[in-house]
Amino acid sequence: MKKTGMDISAHHLECFRGGRLIFQNLTFELSKGGALTLVGPNGSGKSSLLRILAGFLKPKSGHVQYNKENIFDNVDTYRSKIHYVGHLDAIKPNLTVSEHLNFWAASKGYEKPNQDILELLDLKTLSEIPGKFLSAGQKRRLSLTRLLTAPAQLWILDEPSVSLDEKSINSLENMLATHRADGGIVVIATHTRISLPNSQNISMSNFKPLKSAFENPQGTPMVDLDYGSW
Amino acid sequence: MAFLTLIKRDLRLAIRGGIGSLMAVVFFIVSATLFPLGVGPESALLERIAPGVLWVCALLASMLSLNHLFQDDYDDGSLEVIILGPLPLELVTIAKVLAHWISTSLPLIVITPVLAILLNLDMSGFPTLMYSLLLGTPILSLIGSIGASLTLGTRRGGILVSLLVLPIYVPVLIFATGAIEGAIFGFGESANLLILAAALVASLVLAPWASAAALRMAVE
């Protein structure tokens, strides 16, 4: 991999949640057009890693660089330059589909988006429907359309294919391919098979700490979560 | 741009949310009308307690609606989307507080003169009552935003918010009712109103900063 094309990289990340070491020594590099797929069982730290990459969660040690700058040096600016779609759909029951798009574009500082982006995930006919009447899959598709309301190089997606049907997964794959062809970067955590050609794979279980890493050198747990007998 | 959009969106949600955002003003009316029933219809007594009753009810009504300030956006993930935008979180807080104030406190202020008549407040206290509410309720919303952001993600956050912010509300209550009584009894209201104005400026500067810090922690 050429050093000059390197766009996002993580070095020796270590993550603690709830007093427990989730993963350690995680390192990767991604350049323009690259994709990273995180796989691993529940609780292996996929979402935590994505939240670190999105700048929400600070790693215990290690650092993340975006265009050679540590993302936590100026995390608010960094966050405004990326897209993160997490487990929650961010859909309001009382706003229509197109109002969601307009708000998402404006919240990134952009003008009203072209409503044609609704076609990509087959939502065009629903543009005046309020969020409360959407099915789980439709909500998910609307949530993914957020990626197109404002340009951003880095897309971070947490289980994007949950409750999507096969046709929508195909559309999502096309969206991701187009984004990468334009020089975009995709980081994705998934249980289902989403085809991402030439994607790097990280299996989270490879970075699972050894048993001894749960404990400090004295052999006691690092954080004592004592809930008592109740 | 994003600032005004956020205000507009919150107001739109408040209007479409129906009765929910009017809860505060309904609570205000109901609780204020309970006092004449409780203490009796004696007009001299009502006249004496009217400033305090109106202000305590306004304060509780404002607090009642506080935990919705960030909670709904936190629960459905919209808060993350907003944080992923370029608008500084301090301005996000101000925008949300402003929208919240317009949708809950402004209707409350509009209805206040009617309740003041009901409680037999002396006419000379009316202008000061309105000034004190216009200056004081934004302080309540701003201070409340700190409590609302700190309790995000906790169960039974509503009660915790009350415990956190009620002690800080006390000075607002004292100076606001002091101003109204000053106007009625003729020893002047301007000193108290000026202190309220100063408190408004101070909380406008300090509260968004504290709330923004709490919001950053909440999305970890």
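Our subject is the structure that appears above.
Here is what the cut-offs are and how they apply
Residues numbered from 1 in each chain as written. Chains lettered and ligands numbered in written order. Predicted model: local features only at pLDDT ≥ 70, side-chain atom pairs only at ≥ 80, totals over all residues. Helix = DSSP H or I, 4+ residues; strand = E, 2+ residues; numbered from the N terminus. Rg over C-alpha atoms; globule rule 2.2 N^0.38 Å. Buried ≥ 20, exposed ≤ 12 C-beta atoms within 10 Å, placed from the backbone. Contact = placed C-beta atoms within 7 Å. Nonpolar A, V, L, I, M, F, W, Y, C, P; charged D, E, K, R; others polar. Expected span 1.5 Å × (residues − 1). Core = buried A, V, L, I, M, F, W, Y, C linked by C-beta atoms within 7 Å. Pairing = 2+ DSSP bridges. Axes fitted to C-alpha atoms, helices over the stretch in contact; angles between N-to-C directions. Parallel < 35°, antiparallel > 145°, perpendicular 65-115°, else oblique. Left-handed = near helix turned anticlockwise from the far one by under 90°.

1. A short note on the overall build of chain B
When its secondary structure is counted, chain B shows nine helices and zero strands. Ordered by position from N to C terminus, the α and β elements of chain B give α-α-α-α-α-α-α-α-α. The C-alpha atoms of chain B give a radius of gyration of 18 Å, which matches the 17 Å a tight globule of 220 residues would have. Counting only C-alpha atoms, chain B reaches 55 × 35 × 30 Å along its principal axes. For chain B, buried positions account for 50% of its 220 residues. For chain B, the proportion of contacts with a sequence separation of at least 24, taken over those separated by at least 6, is 83%.

2. A few points about the overall build of chain A
Helix and strand counts for chain A stand at six helices and nine strands. Among the 230 residues that make up chain A, the fraction classed as buried is 40%. Sequence-distant contacts, at least 24 apart, represent 71% of the contacts inside chain A between residues at least 6 apart.

3. Quick look at the interface of chain B and chain A
Of the residues lining the interface, 20 residues belong to chain B; the matching set on chain A comes to 19 residues. The set of elements that each furnish at least two residues to the side of chain B that touches chain A consists of α1 (2-16) and α5 (78-83) of chain B. Classifying every residue of the side of chain B that touches chain A gives 10 nonpolar, five polar and five charged.

4. Observations concerning helix α5 (residues 136-149) of chain A
All names here are of chain A. Compared with the 20 Å implied by 1.5 Å per residue over 14 residues, the 21 Å span of α5 between its first and last C-alpha is a close match. Most of α5 is tucked away: 11 of the 14 residues are buried. Among all positions in α5, only Gln-138, Arg-140, Arg-141, Leu-142, Ser-143, Leu-144, Thr-145, Arg-146, Leu-147, Leu-148 and Thr-149 are buried. Summarising the contacts, the buried residues of α5 are in contact with β6 (82-85), α3 (97-107), α4 (117-120), β7 (154-158) and α6 (166-181).

5. Considering the nonpolar core
In this structure, Ile-156 of chain A together with Leu-54, Ala-58 and Leu-119 of chain B are the most contacted members of the largest nonpolar core, which totals 123 residues. Apart from residues no more than four positions distant in its own chain, Ile-156 of chain A is found in contact with Leu-50, Leu-53, Ala-54, Ile-82, His-83, Tyr-84 and Val-187 of chain A.

6. Some words on the sheet that holds β7 of chain A
Residue and element names in this part refer to chain A. Within the open sheet, the five strands sit side by side as β6-β7-β8-β3-β9. Their pairing is parallel. Whereas interior strands pair on both sides, the edge strands pair on one side only; in this sheet they are β6 and β9 (200-203). When the angles between neighbouring strand axes are averaged without regard to direction, this sheet yields 10°. As paired elements, β6 and β7 share four bridges and run parallel to each other. Across the sheet, the residue bridging to His-83 is Trp-155, located in β7. The strands that α5 touches are β6 and β7; relative to β6, the one it contacts most, it runs at about 175°.

7. Considerations on the pairing of strand β4 (residues 61-66) of chain A
Residues and elements named next belong to chain A. As judged from the two bridges shared by β4 and strand β5 (residues 69-70), these two strands associate in the antiparallel manner. Looking at the pairing, Tyr-66 lines up with Glu-69 of β5. Connecting β4 to the next strand, β5, in antiparallel fashion are two residues, including Asn-67 with a positive phi near 50°.

8. Re the environment of Leu-196 of chain B
All names here are of chain B. Residue position: Leu-196 is located in helix α9 (residues 190-218). A C-alpha to C-alpha distance of 21 Å links Leu-196 and Leu-66, two positions 130 residues apart in sequence. Residues in contact with Leu-196, not counting those within four places in the same chain, are Ser-132, Leu-135, Gly-136, Val-172, Phe-175 and Ala-176.

9. So, the packing of helix α3 (residues 43-64) of chain B against helix α6 (residues 89-118) of chain B
Residues and elements named next belong to chain B. Two numbers describe how α3 lies on α6: the axes approach to 11 Å, and their chain directions differ by 155°. The angle between the axes of α3 and α6 places the two elements in the roughly antiparallel class. Crossing handedness for the pair α3 and α6: right-handed. Between α3 and α6, the residues in contact are Ala-50, Leu-54, Ala-58, Ala-61 and Ser-62 and Thr-104, Ser-105, Leu-108, Thr-112, Leu-115 and Ala-116, respectively.

10. What to know about unusual backbone geometry
With the exception of glycine, the majority of residues adopt a negative phi angle, and the majority of peptide bonds are in the trans configuration. All names here are of chain A. Positive phi is not limited to glycine here, since Asn-67 has a value of about 50°. Examined against the element boundaries, Asn-67 turns out to sit in the loop between β4 and β5. On the neighbour-count criterion, Asn-67 (13 C-beta atoms within 10 Å) is partly exposed. Phi at Lys-68 is positive, roughly 70°, even though this residue is not glycine. Mapped onto the secondary structure, Lys-68 falls in the loop between β4 and β5.

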